[in-house]
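Examining the three-dimensional arrangement
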Amino acid sequence: MTRPLWTLAEIVAATRATLDLPRADAKWASEAQAKSATIAGISIDTRTLEPVDLFVPLTDIRDGHEFVSQAFTKGAIAALVRESYERRASDGILVRVDDPLRALERIGIAARARLSDTARVIAVTGSAGKTGTKEMLRACLRACASSPNKVHAPEKSFNNHWGVPLTLARMPADTEFGVYEIGMNHAGEIRPLTKMVRPHLAIVTNVLPVHVGNFPDGEIGVANAKAEIFEGLEPKGTAIILRDSPHYERLREAAANRSAQVRTFGRHEEADVRLVAVSGEQPNGTQWVQAESRRRTIGFELGMLGEHLAINAMAVVTALDVLGIEIAEASSALASVSAAAGRGARHRIRAGEGQILLLDESYNANPASLAAALANLEALDHDGRRIAVLGDMLELGTDAVRYHVGLREAAGRADLVFCCGPNMKHLFDMLPDEKRGAWTANSSGLVDVVPSALRPGDAVMVKGSLGSRMAPIVEAIKKHFADG
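Residues numbered from 1 in each chain as written. Predicted model: local features only at pLDDT ≥ 70, side-chain atom pairs only at ≥ 80, totals over all residues. Heavy atoms only, no water.

For the rest of this paragraph, the subject is the sheet that holds strand β12 (residues 238–242). If you walk across this open sheet you meet the nine strands as β9-β10-β8-β11-β12-β13-β14-β15-β16, and the pairing is mixed. Strands with a single pairing partner mark the edges of an open sheet, and in this sheet they are β9 (151–152) and β16 (296–302). Bridging between strand β15 (residues 287–293) and β16 involves seven bridges; their strand directions are antiparallel. The residue bridging Q290 from the neighbouring strand is G299, located in β16. (Pairing = 2+ DSSP bridges. Helix = DSSP H or I, 4+ residues; strand = E, 2+ residues; numbered from the N terminus.)

As structure tokens, then:
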């Protein structure tokens, strides 16, 4: 029989809460009866809440307490509410706490504390590649664990101040491998999260000019913020660092200050796991990756395309090696992992008698990831036009224009370029006339323009920062040809 995620008694103990029982429900006539209730999951969203979940109302654009009664209507077993919340007639068991987010953090800490001594936890940070690396790790570890459901990782990019504790709180007690991604926009944000996660392995995929506008000292500040992940490492933990990074020594020193073992990956000759070669796209949609580890040559298929993703796979191979797992045990898993929506997902769309290849990179962008996406577009084994649709890269500070203009050579190798946003205007104006598709002030201006410009045989890549809202262009392309 599967153990419940939590009992209400465990939640009360972890959060130092008081119970408020519904007087009209005889089932919960006593506190002892209520504490025996079992919890199947933890939800912060009534739209996805399942019966017997604990509802945790967080405050963002709206106060989650507005939805407590709705949560009970959908079958919540209890709701974790602030002490001042006024009970409504349809409410069930209320678990009253000082602050629901702080209480969620306490549940997450309790979840981490109850893991067995043999369980292993991995944390991933970096300016780019966190989610893809997490997904590769999840797939590989599921292939190697005693059961796939013994591997726990967030389904989405839950990597911030509420996403990490929520993912921890959802972690079953019998988890064998936990994989967490930890993100940040400012200094000091990773530190408390990594101390909750307490990883045995901490990976820094890279340090790039992302959110650099929030750091007076630029990339050095970003590197120092990423290095905070090592502060949560368990004793004798391992730091896994990109050897090619210009900030490698800074990261290595930060890890050494925590007495961590340091392992490296990348293309660098001194990397412990070194990328040797990457093939083009195979007929089955994968790419062949060749690497060296401890003077052994290893090869495997990778379901996500692009050299930058192959380098992230080196971080995964390094982690597997630290865990004592041979890559051969997980190679089929790496071949099966595909890019998620907005993160390089590929769609072949019927267009008349032919097809359009849509590369969806709409989730986010920074100078390095956009350069990599443009290189992938150029490297396609493709006979038709290569079209780039580019939105502003955000949070680049006073150097924003320089970073955008710096991509003119890479963008100019596309056959046609569409741009949106004030910073991309500078790039667009520097392109040859025959390369210029259109520029608009924001992405909504391209929603009709781009689909109408496409024709069978085109390959089109859409990329920009999340705040530039490029995803509607992706959906417009799909809809245009579906309707046609």
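Once you've had a look at it, read on.
Take the packing of helix α1 (residues 8–15) against helix α4 (residues 100–113) next. Viewed as axis vectors pointing N to C, α1 and α4 meet at an angle of 110°, and their least axial separation amounts to 8 Å. The angle between α1 and α4 places the two elements in the roughly perpendicular class. When the axes of α1 and α4 are compared, the crossing they make is right-handed. When α1 is examined against α4, the residues I11, A14 and T15 are found in contact with a partner set consisting of A103, R106, I107 and A110. For the contact of α1 with α4, a count of residues per class yields five nonpolar, one polar and one charged. (Axes fitted to C-alpha atoms, helices over the stretch in contact; angles between N-to-C directions. Parallel < 35°, antiparallel > 145°, perpendicular 65-115°, else oblique. Left-handed = near helix turned anticlockwise from the far one by under 90°. Contact = heavy atoms within 4.5 Å. Nonpolar A, V, L, I, M, F, W, Y, C, P; charged D, E, K, R; others polar.)

Glancing now at helix α10 (residues 307–322). In this model α10 runs 23 Å from its N-terminal to its C-terminal C-alpha over 16 residues, within 8% of the 22 Å that 1.5 Å per residue would give. Of all 16 residues in α10, 13 are buried, a share of seventy percent or more. Looking one or two places after α10, you find G324, whose phi comes out positive at around 80°. (Expected span 1.5 Å × (residues − 1). Buried < 20%, exposed > 50% of the residue type's maximum accessible area, 1.4 Å probe, protein only.)

Scanning the entire structure with this criterion turns up 34 salt bridges. Of the charged contacts, one joins R243 and E270 as a salt bridge, the two residues approaching to 2.8 Å between their closest N and O atoms. Here the residue R243 occupies a position in the loop between β12 and α9 (248–257), and E270 occupies one in the loop between β13 (261–266) and β14 (273–281), the gap between them amounting to 27 residues. By relative accessible area, which is 14% here, R243 ends up buried. With a closest N to O distance of 3.2 Å, D399 and R402 form a salt bridge. Classification of D399 as partly exposed rests on a relative accessible area of 33%. Several salt bridges share partner residues, and in doing so they unite K134, E135, R138, E155 and E181 into one network. (Salt bridge = Lys/Arg side-chain N within 4 Å of Asp/Glu carboxyl O.)

Turning our eyes to something else, we now look at unusual backbone geometry. With a phi angle near 50°, R198 is a residue other than glycine that sits in the positive phi range. Here R198 shows up in the loop between α7 (190–197) and β11 (201–204). Under the relative-accessibility criterion, R198 is labelled partly exposed at 27%. At S259, a position not held by glycine, the phi torsion is positive, near 60°. With respect to the helices, strands and loops of the structure, S259 is situated in the loop between α9 and β13.

Here we come to the state of the cysteines. Here, the word disulfide means a covalent bond between the sulfur atoms of two cysteines. Applying the stated criterion across every chain, the model contains zero disulfides. The cysteine C140 is free of any disulfide, with C144 supplying the nearest cysteine sulfur at 6.8 Å. Assessed through its relative accessible area of 0%, C140 is described here as buried. (Disulfide = S-S within 2.5 Å.)

Bringing the packing of helix α8 (residues 219–227) against α9 into the picture now. Closest axis-to-axis distance for the α8/α9 pair is 10 Å, and the angle between their directions is 30°. As far as their axial angle goes, α9 and α8 are roughly parallel. Considering only the axes of α8 and α9, their crossing is right-handed. Every residue of α9 that contacts α8 at I220, A223, N224 and A227 is listed here: R250, L251 and A254.

Before going further, it helps to spend a moment on the pairing of β14. For β13 and β14, the ladder comprises two bridges, and the chain directions are parallel. Within β14, the residue paired with G266 across the bridge is R274. Note that β14 and β15 share six bridges and pair antiparallel. Counted as the bridge partner of A277 is Q290 from β15.

With 42 residues, the main nonpolar core has F300 and M314 as its most contacted residues. Per element, the largest residue contribution to this core is 10 residues, and it comes from α10. In terms of nonpolar packing, the next biggest core, distinct from the first, is built from 32 residues, L168, Y180, L193 and Y248 among them. (Core = buried A, V, L, I, M, F, W, Y, C linked by side-chain atoms within 4.5 Å.)

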